[in-house]
Amino acid sequence: MSAIFLLIGASLLVALGFLGAFIWSIKSGQYEDDYSPGVRMLKDPKQSYQSQTNKGE
Amino acid sequence: MDFPSLICTVKNTEKIQKECTHCQLPISGGSHHQSSHGEYCCYGCMMVDELLKGENRFIDPAIFHNKKFDYLQNDKIQKDLLSFEEGAIAKIEIHLPQIHCSSCIYLLENLQEIAKGILDVKVNFGQKIASITFLKKDITLPQIASLLHYIGYPPDFNTTDKASKKRINKLVIQLGVAGFFFGNTMLLALPDYLHSDLSLDSNLQQFFRILMMLFSIPVILYSAQDYFINAFKNIRGGSISIDLPIALGILVIFIRSSFEVLTGIGPGYFDSLNGLIFFLLIGKWYQQKTYENFRFDRDFKSFIPLAANLVLQNGKNHSIPIADLKKGDIIIVEKDELLPADAILKENQATLDYSYITGEAEPIEKTLDAKVYAGAKIKSDAAIFEILSAADSSYLANLWEQFSDKRKAASHQIGINTNISQYFSLAIVLIAVISAALWATIDLGKAINVFTAVLIVACPCALALAQPFSSGSMLRQFGKKGFFLKNANVLHKLAEVEYIAFDKTGTLTQLDTMTVQWHGEPLADDEKQLLVSLIKKSRHSLSTSLVQFLSPSNFIASEISDFAEIEGEGLRGYIANTYLEIGRAKFVDVAEEASTTSIYVKIDEILRGYFTFHQNTRAQTNQLIQDLIPNYELAMISGDNDKQEKAYRSLFGEKPKLLFEQTPKQKLEFIDSLNAAGQKTLMVGDGLNDAGALNHGHAGISLCEDQMHFFPPSDAVLKAGSLSLLPRFLHLSKKNEQGIKIAILISLLYNVVGLSFAIAGLLSPLVCAILMPISSLTVVLFTSSWSSYYAQKELK
């Protein structure tokens, strides 16, 4: 039965990790705009003259 | 390449007449753009499409340069606006109210392809905000603003708000924490209920219980902290709200459960405790649905420009922030701009539109040295003014001050819950004391048990959930139909309304639409030709509607000789030996016949008749008034003249008060007089001239056209298109109250059951863990289905 102490402790650590991830995701504003990221993903990356030079800067 | 066409879905295919060539969404009547490539729903789509089809290179800043934004060059203003500045790179977040489809995102996020110096653009679609990172040496802030304006997204620098978002974020985290620990506590509590082998291993059992206790600590300290803070504030303020019994309940459950666990008597009620807090927070979150696009609280500064164009001694212009304006400054205000402070006109003639400030429908003429109030829109060409007082002591600002104190005082939470919870808390404490006292005569240990059990089971969870869920789902239904409420309290206030006061200009009537009527012998087509040739030369505000009304077939402009225009009076001139005179009665020298604004026509010295003008009432106005008359007392308070009193009298019937030529202050006083008489008044208005009345009324609704960001501060915003639904919204707000009352009854029933267990001394953690979620769930299901059933029935 004592294995269960270890198991619960371990699973709790994992779960707390997820809670931390959730809090981080809220704080970093990931849920603030649920529309544009989906659209943005479909955007063709245009490698124009300017955007290439920008990366150099 | 044309990816946006892939992601834009076509809705209501059977109803569409025209589709946007680019995004394939239906083209709505209001915005329509055409080019050689096709038809588009918005300028953005047209731009994107043309950029995609054409050879795209950087647009020359000279093309899109707009003098309007030169003021952004000012360092002080820039510092306020830029969210980040480091060396050569700067970042700004700009509110672009026009963002409305995926093509908008596409265009804006590709801005770096068409403008040199822009490094990156990120669009937040929900908030309609674009974050633009740019190189200061390649592009300036005025250039960015001009470019956005040029491509069809006029930036709005007056409205950006972050605070409310942060508050909601905190609530979501609190909810997440509570949910997490609630789940884990349930997991650990379950074995105890199932009487498994757990009781055989007392070490393991105690381990589980201690864990449950530890899980509850962050839930109470972090997730439930607002209840304690509010309860504390309540006690200090001498009032009781629903937060007090909740805080008390939470505290009692935790103390008793900890005691049970630490002494090893039982498992405690930690699962019920965490579940309770979790459910309460869900209710709070559900109710706090906010509309990201609006700000309901704003000050007068968001209605006037950020900067003024100061005229220097050497004749040059220089923009300065509004706050730096002082008495005696000379400023120049461009056409269609607002005057930022009270001033004296230093121009021989100017046409000013006061409609937003006073409610007057027609622009008025002012002459040299006339006093002009802040907020006037310049309708004629750019005019020069001498400032009379600083912007924050203008007439407009004073008006704002007058009602702002009341706004703060009124922001307290009110609702059915407040009333009930006062009795509820008292009753619960009484029951707990009495039953404990009775038990004390039998068994002292049991008495303490029963005392806490009563407080635990009676925790007004279901009671506290009734309003958030009912109102929350009502708010959502209203939002779908274009009625946006500031918060759930407004719903409660709307239900109490007995008296409705309407503003006229812009509320019952539609701005920018004039009905023109011709009185006299019908005009022949060649006469129309002559008149239109003459009228087209005039810059008067009525001339456009007159030209539209006449619209002769195959119009060819004729040569006019001896043309003369007396501003505000009339026009005269010769066209091929025909002498034409158009203007006011005095101007053409005839007796005034019409009772409203009118223009008389003389051809070769013979009076042919006259045109009358009045603002159209909205198509829905008639229906609206008819629907409201049986149930409410009505009134109309207008800043406009009384030329149309007859028409409105027949619309409203005999009883309602119709007041004309009301200043904003008089409007406010009218509402105050109703308040004093104990009437619960709803004010419906649209302009800043109604702002005082909107805030002094029991509730205030501001009406707004397509431009959803420009409305006076109020409790709710109603889209002009949904005006006719107002009676239904009011009816639904009453239904909502009814639903809440029934839900409260249900929760009281559960409490009776729970209390009888508690008083009998039989409340086990299991009973508590079953009863609490069930009662909450019933209330939630009942209220939300009640609300959506009635909302859908009424707002079909």
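My aim in this report is to walk through the structure given alongside it, one point at a time. Just so we're clear, the structure is a prediction, and the values are computed from it rather than from any experiment.

This part is about the overall build of chain A. In terms of regular secondary structure, chain A is built from 3 helices and 0 strands. Beginning at the N terminus, the succession of helices and strands in chain A can be written as α-α-α. Looking at chain A as a whole, 23% of its 57 residues qualify as buried.

Turning our attention to the overall build of chain B. Helix and strand counts for chain B come out as 28 helices and 28 strands. Looking at the 796 residues of chain B, the share that counts as buried comes to 54%. Sequence separation of 24 or more characterises 66% of the internal contacts of chain B that already satisfy a separation of 6 or more. Taken as a whole, chain B presents about 35500 Å² of accessible surface, with 55% of it coming from carbon and sulfur.

This brings us to the side chain of B:Ser216. Residues and elements named next belong to chain B. Tracing the chain through its elements places Ser216 in helix 9 (residues 202-223). By relative accessible area, which is 0% here, Ser216 ends up buried. Once residues within four sequence positions are removed from consideration, Ser216 is found in contact with Phe254, Phe270, Leu273 and Asn274.

Let's shift gears to helix 18 (residues 488-496) of chain B. Among the 9 residues of helix 18 of chain B, 8 are classified as buried, and the element is accordingly described as predominantly covered. Those residues of helix 18 of chain B not exposed but buried are B:Ala488, B:Asn489, B:Val490, B:Leu491, B:His492, B:Lys493, B:Leu494 and B:Ala495.

Turning next to the sheet that holds strand 3 (residues 82-86) of chain B. All names here are of chain B. With antiparallel pairing, the 4 strands of this open sheet are ordered in space as 3-4-6-5. The open sheet is flanked by strand 3 and strand 5 (118-124), the only strands paired with a single partner. On average, adjacent strands in this sheet sit at an angle of 10° to one another, irrespective of strand direction. As judged from the 7 bridges shared by strand 4 (residues 89-95) and strand 6 (residues 129-135), these two strands associate in the antiparallel manner. Counterpart to Glu93 in the pairing with strand 6 is Ser131. In the packing of helix 7 (residues 141-150) onto the sheet, the strands contacted are strand 3, strand 4, strand 5 and strand 6, and the crossing angle to strand 6 comes to about 135°.

This brings us to the packing of aromatic side chains. This model, assessed by the stated rule, comprises 20 aromatic pairs over all chains. Here the aromatic rings of A:Tyr35 and B:Phe125 are separated by 4.3 Å at their centres, their planes lie at 40°, and the arrangement is tilted. Of this pair, A:Tyr35 sits in the loop between helix 1 (3-27) and helix 2 (36-41) while B:Phe125 sits in the loop between strand 5 and strand 6, on two different chains. Residue classification places A:Tyr35 among the partly exposed residues on the basis of a relative accessible area of 34%.

What follows is about the pattern of salt bridges. Residues and elements named next belong to chain B. Inspection of the entire model under this criterion finds 15 salt bridges over all chains. The partner of Asp503 in a salt bridge is Lys667, and the shortest N-O contact between them spans 2.9 Å. Separated by 164 residues along the polypeptide, Asp503 in the loop between strand 17 (499-502) and helix 19 (504-508) and Lys667 in helix 25 (residues 664-676) bring together distant segments of the chain. The class for Asp503 is buried, based on a relative accessible area of 0%. In this structure, the salt-bridge partner of Arg572 is Glu581, at a minimum N-O distance of 3.7 Å. For Arg572, a relative accessible area of 26% puts it in the partly exposed group.

Relative to the elements of secondary structure, B:Glu581 occurs in strand 21 (residues 578-583). For B:Glu581, the residues in contact, after removing those within four places along its chain, are B:Leu571, B:Arg572, B:Phe587, B:Val588, B:Tyr600, B:Val601, B:Lys602 and B:Glu605.

Reading guide: rules and limits
- Each chain carries its own residue numbering, running from 1 in the written order of its sequence.
- Starting at A for chains and at 1 for ligands, labels are handed out in the order in which the entities are written.
- Totals for whole chains, interfaces and linings use every residue, but because this is a predicted model, local features are given only for residues with pLDDT of at least 70 and side-chain atom pairs only at 80 or more, for both listing and counting.
- Heavy atoms throughout the structure, all of them, feed into the side-chain values; hydrogens and water do not.
- Only runs of H or I of at least four residues qualify as helices and only runs of E of at least two qualify as strands under DSSP, and these elements are numbered from the N terminus.
- Note on exposure labels: buried denotes an accessible area under 20% of the residue type's maximum, exposed denotes more than 50%, and partly exposed covers the range between, all computed with a 1.4 Å probe on protein chains only.
- The contact definition used throughout considers only heavy atoms, calling two residues in contact when any of these lie within 4.5 Å.
- Per-residue accessibility takes into account occlusion by the displayed protein chains alone, with areas from the Shrake-Rupley method and a 1.4 Å probe.
- When DSSP finds at least two bridges between two strands, those strands are taken to pair.
- Axis definition: a line fitted to C-alpha atoms, over the contacting stretch in the case of helices. Angles run 0 to 180 degrees between N-to-C directions.
- Planes of paired rings set the category: under 30 degrees apart is stacked, over 60 is edge-to-face and the rest tilted, where pairs are Phe, Tyr or Trp rings (Trp by its six-membered ring) whose centres lie within 6.5 Å.
- The working definition used for a salt bridge is a side-chain nitrogen of Lys or Arg within 4 Å of a carboxyl oxygen of Asp or Glu.

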